[in-house]
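# Close look at the chain arrangement
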Amino acid sequence: GGYLVKDRLWFFGAYNRQKEETLTQIIRDLNAPGAPARGDEVSRDDERDLFSGKLTYRLGNSQRLWASVNGDPSTREGNLFAISGPESTWKGVQESGSVDPIVTYEGTFGPTFNLRAFYGRHKERLEYAGEGKLIPLSRDDTVSPIIRTGGFAAAFQDSEFKRDQFGVTATKFLGPHELKGGVDW
């Protein structure tokens, strides 16, 4: 971080990429056709990109505007679900995470009045891909271990949601007293 324009515009940024591989060893015979054999190792790779950034702009001696963003998009590839059948029942790709921006204004007017307003959005997603996404899952619970065939459709579904938030607060100082009011929605 630092300044881009002295006494007027500042920035900050951070980034952290995380990678992890997990190996799962099959320790018993699985009865489903096409299932991994005892002793096989199945891998899963997890990657996350964690980041944050902020720009602060001084509008005047007593006013500033800043924008920031935080994110955590991730990808998980490999055995997403319990390994008890062929690859189509457990192997896939899961994309998830969010990127969350916020913009904030803060100003002081005269010696006794402060105003702050903000807008932010949280938008998160969870998406699955892979051979089994469009194939219905079939389970045989009459045997142990359970036999799974088919895919993972209908058992796990894509989802996305977003939430917007707005807010305004005003503060008035009256001698030793402080009057504060605001609205968040």
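Up top is the structure.
To start, this report covers the structure provided alongside it.

Calculation notes
Residues numbered from 1 in each chain as written. Predicted model: local features only at pLDDT ≥ 70, side-chain atom pairs only at ≥ 80, totals over all residues. Heavy atoms only, no water. Salt bridge = Lys/Arg side-chain N within 4 Å of Asp/Glu carboxyl O. Helix = DSSP H or I, 4+ residues; strand = E, 2+ residues; numbered from the N terminus. Buried < 20%, exposed > 50% of the residue type's maximum accessible area, 1.4 Å probe, protein only. Contact = heavy atoms within 4.5 Å. Pairing = 2+ DSSP bridges. Phe/Tyr/Trp six-rings, centres within 6.5 Å; stacked < 30°, edge-to-face > 60°.

What follows covers the pattern of salt bridges. If the charged atoms of two oppositely charged side chains come close together, the side chains can form a pair. In this structure the tally under the stated criterion is 16 salt bridges. Residues Lys91 and Glu87 are paired through a salt bridge, measuring 4.0 Å at the closest nitrogen-oxygen approach. Each of Arg17, Lys19, Glu47 and Asp49 takes part in one network of salt bridges that share partners.

Note that Thr104 resides in strand S6 (residues 91-109). Residue Thr104 is classed as buried on the basis of its relative accessible area, which comes to 3%. Apart from residues no more than four positions distant in its own chain, Thr104 is found in contact with Arg64, Leu65, Trp66, Arg116, Ala117 and Phe118.

This paragraph deals with the pairing of strand S5 (residues 74-79). In regular strands, side chains alternate between the two faces of the sheet. Here strand S3 (residues 41-60) runs beside S5; their pairing, made up of five bridges, is antiparallel. Its bridge partner lying in S5, Glu47 is registered against Thr75. Of the pairings in the sheet, the one linking S5 to S6 comprises six bridges and is antiparallel in character. Opposite Gly78, over in S6, you have Gly92 as the bridge partner.

Quick look at the packing of aromatic side chains now. Taken as a whole and judged by the stated rule, the model has six aromatic pairs. Grouping aromatic residues by their ring pairs yields a cluster made of Phe81, Tyr128 and Phe152.

Honestly, it's all geometry; don't read function into it.
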